[in-house]
Amino acid sequence: MSLQCGIVGLPNVGKSTLFNSLSSAKAQAANFPFCTIEPNIGVITVPDERLNKLTELVKPLKTTPTTVEIVDIAGLVKGASHNEGLGNKFLANIRETDAIIHVVRCFDGEVTHVDGSVNPVRDREIIDTELQIKDLETVESRMSKMYKQAQAGDKQAKRSCEILQKYKDALIQGKSARTVILDREDRKIAQEFYLLTDKPVLYVCNVDEASAVTGNEYTERFKQSIVDEDAEILIIAAKIESEIAELSTYEERKMFLDEIGLAESGAVRLIKAAYKLLGLETYFTAGPKEVRAWTYVKGTKAPQAAGEIHSDFEKNFIRAEVISYEDYIKYGSESACREAGKIGVEGKEYVVRDGDVMHFRVGG
C-alpha cells in the first residue's frame, strides 16, 4: 500500500529539518529502517510496540514492520497559484499526496523569516489561500463541464454540481474544502474532484526547546485560529530533533528525552500521527519464520486485507482465523489461544480491527 503524506510550509520554517530527523526514529523503537526512494521521499517505519511484544513471544527468524511514505515538498511562496517560485511543481506535488503535514514556525530567533516576522496564523493563511485559489479554479472548471449535463437531466451531474456549489461557497469565503460537511454518499462523489484543501491535515508547530513540552504564545494563538477545522496539532522542536539525531545510542537519546520531559521524540510522534492521518491501521501475521505488520485502510474487510499479502489471497479467500492482540499477549501463543477458544473464524464480511493477529485460509 503506497499512501503518502506531504510536508508543506513556507521557506525556513523547519520542515526539511523535521524530514531529515525522521531517519533517527529507528533508535526510538528498536532497529527500524529509513530509506529514500527519491531525493525528497522517505519510506519510514511506523514504530509499534505491539510488534515488539509479538516478536518477544514468537521469537521468529525475522520481524518486518509497516511503513509510511513522507514527501518533503519544496517551500511555497505567496503567488504559487499563479506559478510564483516553484508554484506549479509545489501544487502538483501536493495533489499527488493523500494527506498534508503543514509545518508552521512558532519560535523567535536569528533564522530569517521569509515575511520578516514570526506569525504562524498568517503563514497558514498564506498557504491556505494559495491552495484555495487553485481549488476554486478546479471547482469552477468542473462546474462548467457538468452544468450542461445537469441541465440535460443527468442526475449524477446535477448532484455533483450541488456538491461543487457547496465547495465554491466555502472557498469564496476563504474556507478550505475540508470544512464542508458531506454525508457518506456525497463524500464518495467529492473524492473524484481531488481538491487540495479537502485533504486531511496535521499541523506541526515548530517551537524552541523551552516550549517543546507545553508550547508557547504562538502555538496558543495558532490553536485558536483552526478551531473550525477538523485537524490535529503536534508541537515539535525541530532543533531538538536534529540534536537527538546526532546521538549515537538509544540510551543516550532516551536520557535526552527524559531530561526535557518528553516520552517520545517528535519524529516518532510525527510518524504515528501521519499513519493515523492517512486513515491507516495495522494487522499482524505471526509465525516461526516471520512476525509482520501489515497496513490496511480502516474499514477494510478480511479478503481485501488478505490481498495486502498477495492478490491471490484476496481472490481465493476462504476464511480468516483471528486472534485479538490483547488475547495473544494474555495467553502467550497461538496454541494457547486455540485451547482457550480465543480464535475467531471469520468470513468475507469481517471488518478487520486494529491489532488483529490473522491467519488466512485460501483455496486455489
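The structure presented is a predicted model; accordingly, all values stated were derived computationally and were not measured. Sequence order sets the numbering: in each chain, residues are counted from 1 along the sequence as written. A pLDDT threshold of at least 70 governs which residues receive local features in this predicted model, and a stricter bar of 80 or more applies before side-chain atom pairs are shown or counted, although totals over entire chains, interfaces and linings include all residues. Computation of side-chain values: all heavy atoms of the structure, hydrogens and water removed.

**Q** Honestly, the pairing of strand β11 (residues 317-323) in this entry has me stumped. Any pointers?
**A** For a regular strand, the rule is simple: side chains alternate between the two faces of the sheet. The element β11 is extensively covered by neighbouring structure, given that five of its seven residues are classed as buried. Two elements, β11 and strand β13 (residues 357-362), share six bridges in a ladder whose sense is antiparallel. Within β13, the position partnered with A320 by the bridge is F360. The rule for pairing is simple: two strands pair if DSSP sees at least two bridges between them. Put simply, DSSP H or I for four residues or longer makes a helix, DSSP E for two residues or longer makes a strand, and each gets a number counted from the N terminus. Pairing of β11 with strand β12 (residues 344-346) involves three bridges; the strand directions are antiparallel. In this scheme, a residue with accessible area under 20% of its type's maximum is buried, one over 50% is exposed, and one in between is partly exposed, where area comes from a 1.4 Å probe on protein chains only.

**Q** Is there a simple way to think about the nonpolar core in this case?
**A** Among buried residues, those of type Ala, Val, Leu, Ile, Met, Phe, Trp, Tyr and Cys that are joined through side-chain atoms within 4.5 Å constitute a nonpolar core. Counting residues in each nonpolar core, the largest one holds 57 residues, and the members touching the most others are C5, L22, I70, I101, L202, V204 and L270. Of the residues forming this core, the biggest block, seven residues, is contributed by helix α10 (residues 266-277). Membership of the second largest hydrophobic core comes to 18 residues, among which are V139, M146, L171 and L195.

**Q** What is the right way to read the environment of N316 from this model?
**A** Within the secondary structure, N316 sits in the loop between α12 (311-315) and β11. For the pair N316 and R361, spaced 45 residues apart in the sequence, the C-alpha separation amounts to 8.6 Å.

**Q** Mind showing me how you'd approach helix α5 (residues 155-172) here?
**A** For an α-helix, the turn length of 3.6 residues means that residues three or four places apart are oriented alike. In this model α5 runs 26 Å from its N-terminal to its C-terminal C-alpha over 18 residues, within 8% of the 26 Å that 1.5 Å per residue would give. Within the span of α5, buried status applies to A157, S160, C161, I163, L164, Y167, A170 and L171. Any two residues whose heavy atoms approach within 4.5 Å are treated as being in contact. Turning to α5, the residues buried within the fold contact α4 (120-151) and α6 (184-190). Residue D154 occupies the N-cap position of α5, its side-chain oxygen lying 3.0 Å from the main-chain nitrogen of Q156. The positive-phi residue at the C-terminal boundary of α5 is G174, with phi of around 80°. Here a helix's expected span is defined as the number of its residues, less one, multiplied by 1.5 Å. Distance and chemistry together define a polar contact, namely a pair of N or O atoms within 3.5 Å, with one atom able to donate a hydrogen and the other to accept it when in protein, and with adjacent residues in sequence counting only for side-chain atoms on both sides.

**Q** Explain the packing of aromatic side chains here, please?
**A** Two aromatic rings, taken as a pair, are described by how far apart their centres are and by the angle between their planes. Pairing of aromatic side chains here covers Phe, Tyr and the six-membered ring of Trp, requires ring centres within 6.5 Å, and sorts the geometry by plane angle: under 30 degrees stacked, over 60 edge-to-face, intermediate tilted. A complete count under the given rule lists six aromatic pairs for this structure. On the numbers, 6.0 Å between centres and 40° between planes, the contact of Y283 with Y296 is tilted. With Y283 in strand β9 (residues 280-286) and Y296 in strand β10 (residues 290-297), this pair connects stretches of sequence that are 13 residues apart. When its relative accessible area of 0% is taken as the criterion, Y283 is described as buried. Aromatic pair Y283 and F360: ring centres 5.8 Å apart, planes at 85°, arrangement edge-to-face. Linking Y283 in strand β9 with F360 in strand β13, this pair joins segments that are 77 residues apart in sequence. Among the aromatic residues, ring-to-ring pairing joins Y283, W294, Y296, F317 and F360 into one connected group. A ring is scored as having a charge over it whenever the NZ atom of a lysine or the CZ atom of an arginine sits within 6 Å of its centre and within 35 degrees of its normal. Positioned above the aromatic ring of F107, the side-chain terminus of R105 is 4.3 Å from the ring centre. For the cation-ring pair, R292 lies above W294, with the distance from its terminal atom to the ring centre recorded as 4.0 Å.

**Q** Is there a simple way to explain the confidence of the model for the protein in this structure?
**A** Detail in the predicted coordinates should be disregarded across regions flagged by low pLDDT. The pLDDT value tells you how sure the predictor is about a given residue, anywhere from 0 up to 100. Across the protein, the average pLDDT comes to 86, with 88% of residues at or above 70. Considering only residues more than four positions removed or in separate chains, one finds that residues 25-36, a stretch of pLDDT under 50, has 35 contacts.

**Q** I'm lost on α10 in this one. Help?
**A** Its 12 residues place the ends of α10 16 Å apart at the C-alpha level, agreeing with the 16 Å of an ideal helix rising 1.5 Å per residue. Most of α10 is tucked away, with nine of its 12 residues classed as buried. Buried within α10 are the following residues: G266, A267, V268, L270, I271, A273, A274, Y275 and L277.

**Q** Any chance you could explain the pattern of salt bridges here in plain terms?
**A** Side-chain pairs of opposite charge can arise whenever the charged atoms involved come near each other. Counted as salt bridges are all cases of a side-chain nitrogen of Lys or Arg within 4 Å of a carboxyl oxygen of Asp or Glu. Inspection of the entire model under this criterion finds 24 salt bridges. Put simply, E137 and K134 hold a salt bridge, and the shortest N to O gap is 3.6 Å. Pair noted here: E137 and K134 are both in helix α4, with a separation of three residues, about one helical turn. For the salt bridge of E321 with R338, the shortest nitrogen-to-oxygen distance reads 3.4 Å. Taken together, the residues E321 in strand β11 and R338 in helix α14 (residues 334-339) connect sequence positions 17 residues apart. Among the charged side chains, a salt-bridge network with shared partners connects E321, E334, R338 and R361.

**Q** Would you explain the environment of Y328 in this entry?
**A** By the secondary structure assignment, Y328 is in helix α13 (residues 325-331). Judged by relative accessible area, which is 4%, Y328 ranks as buried. Separated by 10 residues in the primary sequence, Y328 and R338 have C-alpha atoms spaced 10.0 Å apart.

**Q** How do you make sense of the pairing of strand β8 (residues 232-236) when you look at a structure like this?
**A** Relative to β8, strand β7 (residues 201-206) runs parallel, the two sharing five bridges. If you follow N206 over to β8, its bridge partner there is I236. As a crossover connection, the stretch from β7 through helix α7 (residues 217-225) into β8 is right-handed. Crossover handedness is defined here as right-handed if the route from the first strand over the helix to the second strand goes clockwise, with the strands pointing away from the viewer.

**Q** Explain unusual backbone geometry to me, please; I cannot follow it from the model alone.
**A** Backbone geometry follows two general trends: most residues other than glycine have a negative phi, and most peptide bonds adopt the trans configuration. We note that N12 has phi near 65°; this positive angle belongs to a residue other than glycine. Mapped onto the elements, N12 comes out in the loop between β1 (4-8) and α1 (15-21). One non-glycine residue, K59, adopts positive backbone phi at about 55°. Mapped onto the elements of the fold, K59 is located in the loop between α2 (49-58) and β4 (62-64). Owing to a relative accessible area of 63%, K59 belongs among the exposed residues under this scheme.

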